[in-house]
Structure formats: structure tokens, C-alpha cells
Amino acid sequence: MKIAKKLAAAKSKNRYESIDELIGNTPLVKLQSISEEIGCDVWAKLEMYNPGLSAKDRIALHIINTAEENGEITAGATLIEATSGNTGYSIAMLAAVRGYKCILTVTDKISKEKYDMLKALGAEIHVCPKDADPESPNSYYETAKRLANEIPNSFYLNQNYSTLNMEAHFKSTGKEIWNQTEGKITHLVGSTGTGGTLCGSGMYLKQKNPKVQVFGVDSYGSVLMKYWETGVYDKNEIKPYTIEGLGKNIIPANVLFEHIDNYTKVHDKDAALMTRRIAKEEGLLIGYSSGANISALYNYQDKLNKDDVVVVIISDHGSRYLGKIFNDQWMKERDFL
Ligand SMILES: Cc1ncc(COP(=O)(O)O)c(C=O)c1O
């Protein structure tokens, strides 16, 4: 039997040769109570159903596969990345199964659950100060770059500036959403960190139907929305905030500002309360930034009509935040409860 036929036969039995074959093809589920309140159908794209529990599996797989094909990654290589945790998990998972070493730089904002998961997969972790200026030598970006320069046979994935990031979503997530909604999607709503998920998927959807609207979600404390509004990188926008993954203090190459039709910001508290509400009302334990995306729908309500078909990105799984937003003590300490 030919290899492709063999793989298809195994897939039809839900049987796989390795974990990377499980990446992608995540489900779309209607949010019942949210659809009712917003006044149109709201579907959740459940990226937490990837084997690494987040959308980042797609970009890690695409960047690593491409680098292997180009000969940039060879046997015994060390994979290096600066990450808020999810990309790191995906890289560590693929490094484990393909026999590479994995070094990750994170900030001290990382949840304990994310840190412990990275460790469990065998990654070497360097914790850097979250408030470090992006260009300072001890920022998590510069630390990753330095390690990549110092370590022989290493490969820096560079999710912020490698446009393979959005290409991964263009080729997979966007296409899946188009097929899952049978081309009926009118609005894609999602947060921007590197920008890859929203802009890559959005670009595909706009190519299929230029009327599809791409609505971004940013955090208070990030520079992205102001840059979209004015074209100015304003360092005064940078402030501490608690939501992980969305927002940036740099302008990544994967945020395609021209493809974003609207932008809004969400407060830490509103996002946290919405994330908890979704667990209780929809039975979905989603991550903190996903709660921000759903919370943002209420900012966008006056731009939505009853026949619209909205897809909201659920970037990762809530198990990564049990010690934070799902912990009453953590919530009370911040006046969120
Ligand atoms: C939890 C979470 N939400 C949202 C995002 C933003 O996704 P993207 O980087 O594709 O813009 C990230 C990225 O790090 C993330 O980890």
C-alpha cells in the first residue's frame, strides 16, 4: 500500500504514527449563551484541541518542518525561542518526539502551570524580567537571540518576525474556518500577540470573501492598537497587565495591520470574569486571552447584525491558568472578585 493511502487508512481509524499528525483540524462549537446575548451566531474555534493545547502547535510544526526541509535544522539541533509559554510547549513537544534539544526564554509573568509543563517536556527554561525593555540584553527576546548566537547547531524559531507563523494559519486555520462555516463566516474575532493566528487566518478568509471582517483584540498596556490607529510606536502605551499571550511591546511582522478592520481593548478583570463565566455556562475551560476575545464581542455588539456568523478564536486551554484566574485568592488579590 502507498504511504499516503496507509496514512489515510490509519487516520480513518483515529490512529497516528506520532503526535504531530494530531495538529490542526480543531472543532468549531457554538457558544449558546453568548450567541443569545450578542444576538447572532457566535462560534468558538477551539484551538485548545491541538495536542499541545494551543494554536501554537500549528506554527511550531510549520516553522520546524520548513527549517528541516531547508537543512537549517539537522540531527542533534537545539531549538530556541522567546515565548509566553504556549509556543514553548509546542516546540518542546515536537523537540521531544523528533530528538532535538529545546531552550526557551520566558518572562516572570508566566503562570506556574505553563512553567511546570515546559519543564515536564524536558525544555531548558530561562526566566527573564517582564518589564525589561525589549532591546535590553536581559529581555527574553535578546536572551533568546544571544543563546542562538552562542550555541552551535541551534535554530531560533523567531515567531514574532518569521512570517511562516502567519503562513501556518493561512494554510490551515483560515481554511478550516472557511470550510467549517461553509463559507458563511462574516466576522473573525481574535487577539493579537505575534498576530499570526488572526492575520494569517483573516488573510485566507478575506481572499475567499473580501467582505469578511477581521476584528482584533488588544490589551491595555500593549502598543498594537495605537500603532494600528496612528502608525506610531508609542512606548508610553506599555504598562503591566495580567492577560498572557495577547498584546505586545514590539511591532511583530505577523501583525498585518491592513487586514484588521477594527480593534478594541479589553481590561484584565473583564477578561478574567468572562473566562470563568464560559467554564460555568458553556462547559468550556478556556484560556485567559480567549476570555478576552469573548469579552471583546460586547465592545463590538453594535457592529454585529442578527444574520452575522461570528467566529472567535479560543487560543488555548484553561488548565494553564488554574493558579491564576480560576483561583479565587489570585482574583481577590487583584480586586477582580
Ligand atoms: C494564550 C495566547 N493567546 C493569544 C495569543 C496571540 O496569538 P498570536 O501570537 O497568534 O497573535 C498567544 C500568543 O502567544 C497566546 O499564547
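So, how was this worked out
Residues numbered from 1 in each chain as written. Predicted model: local features only at pLDDT ≥ 70, side-chain atom pairs only at ≥ 80, totals over all residues. Heavy atoms only, no water. Near = heavy atom within 4 Å. Polar contact = N/O pair within 3.5 Å; in protein donor to acceptor, adjacent residues only side chain to side chain. Areas by Shrake-Rupley, 256 points an atom, 1.4 Å probe, with all protein chains shown as cover. Domains from an automatic or database assignment. Helix = DSSP H or I, 4+ residues; strand = E, 2+ residues; numbered from the N terminus. Buried < 20%, exposed > 50% of the residue type's maximum accessible area, 1.4 Å probe, protein only. Lys, Arg positive; Asp, Glu negative; His and termini not counted. Salt bridge = Lys/Arg side-chain N within 4 Å of Asp/Glu carboxyl O. Contact = heavy atoms within 4.5 Å. Core = buried A, V, L, I, M, F, W, Y, C linked by side-chain atoms within 4.5 Å. Pairing = 2+ DSSP bridges. Axes fitted to C-alpha atoms, helices over the stretch in contact; angles between N-to-C directions. Phe/Tyr/Trp six-rings, centres within 6.5 Å; stacked < 30°, edge-to-face > 60°. Buried area = accessible area lost by both parts, 1.4 Å probe. Parallel < 35°, antiparallel > 145°, perpendicular 65-115°, else oblique. Left-handed = near helix turned anticlockwise from the far one by under 90°. Nonpolar A, V, L, I, M, F, W, Y, C, P; charged D, E, K, R; others polar.

Once that is clear, we can look at the site of the ligand. What surrounds the ligand is a group of 16 residues, the closest being K56, G193, T194, T197 and S289. G193 has a polar backbone atom sitting 2.7 Å from an oxygen atom of the ligand. Here S289 contributes a side-chain N or O atom positioned 2.6 Å from a nitrogen atom of the ligand. For the ligand, whose free accessible area comes to 390 Å², the fraction covered by protein is 96%. Taken together, domain 1 (3–50 + 163–333) and domain 2 (56–156) each give at least three residues to the shell around the ligand, which thus spans both.

The next subject is the side chain of D316. Along the chain, the position of D316 falls in the loop between strand 10 (309–314) and helix 13 (328–333). With no salt bridge to any partner, buried D316 finds its closest opposite charge in K114, at an N-O distance of 4.4 Å. Polar side-chain contacts of D316 include one of 2.4 Å to the side chain of Y321. Ignoring anything within four residues of it in the chain, the contact list for D316 reads M48, L53, S54, N86, K114, I286, G287, Y288, S290 and Y321.

Counting 36 residues, the largest nonpolar core has L31, I34, V42, Y288, I294 and L297 as its most contacted members. Taken together, the elements giving at least two residues each to this core come down to helix 2 (32–38), strand 2 (41–46), strand 8 (213–219), helix 11 (268–282), helix 12 (288–299), strand 10 and helix 13. Ranked by residue count, the leading element in this core is helix 12, at five residues. Look past the residues within four positions of I294 in its chain and what remains in contact with it is L31, I34, M274, I278, I286, V312 and I314. If you look at the next biggest cluster of nonpolar residues, it comprises 25 residues, including I64, Y89, A92 and A123.

Another point: the sheet that holds strand 8. The sheet built from six strands is open, its strands ordered 1-2-10-7-8-9 with mixed pairing. Every other strand in the sheet has two partners, leaving strand 1 (28–30) and strand 9 (262–266) as the edge strands with one partner each. Each strand axis lies, on average, 25 degrees off the axis of its neighbour in the sheet, ignoring direction. Pairing analysis gives five bridges linking strand 8 to strand 9, with the strands arranged parallel.

A separate point is the packing of aromatic side chains. A full pass over the atoms with the stated rule returns seven aromatic pairs. Seen from their ring centres, F170 and Y204 are 5.5 Å apart, and the 75 degrees between their planes marks the pair as edge-to-face. Pair noted here: F170 is in helix 7 (residues 164–171) and Y204 is in helix 9 (residues 196–208), with a separation of 34 residues, a long-range link. Considering the side-chain rings of F215 and Y300, the 4.4 Å spacing of their centres and the 40 degrees angle between planes classify their relative orientation as tilted. Placement of the pair is F215 in strand 8 and Y300 in the loop between helix 12 and strand 10, with a sequence separation of 85 residues. Both residues of the pair, F215 and Y300, count as buried. Linked through ring pairs, Y288, W330 and F336 together constitute an aromatic cluster.

Evaluation of the coordinates by the stated rule reveals 24 salt bridges. With a closest N to O distance of 3.0 Å, E281 and R277 form a salt bridge. Of this pair, E281 and R277 both sit in helix 11, four residues apart, which is roughly one turn of that helix. The structure contains a network of salt bridges with shared partners spanning K45, E47, R58 and E176.

For the rest of this paragraph, the subject is the domain arrangement of the protein. Looking at the protein, the domain boundaries give domain 1 (3–50 + 163–333) and domain 2 (56–156). Computed from C-alpha coordinates alone, the two centres of domain 1 and domain 2 are separated by 22 Å. Summing the contributions of domain 1 and of domain 2, the shared interface buries around 2,600 Å²; its carbon and sulfur component is 54%. Considering only the surface of domain 1 that becomes buried against domain 2, I23, L164 and R320 emerge as the three largest contributors, covering 26% of it. Counting across the domain 1 and domain 2 interface gives six salt bridges.

Between helix 3 (residues 56–69) and helix 7, the shortest axis-to-axis distance is 8 Å and the interhelical angle comes to 115 degrees. Accordingly, the angle class assigned to the pair helix 3 and helix 7 is roughly perpendicular. When you trace helix 3 past helix 7, the crossing you get is right-handed. In this structure, helix 3 contributes R58, I59, H62, I63 and T66 to the contact, and helix 7 contributes L164, N165, E167, A168, H169 and K171. For the contact of helix 3 with helix 7, the residue count by class is four nonpolar, four polar and three charged.

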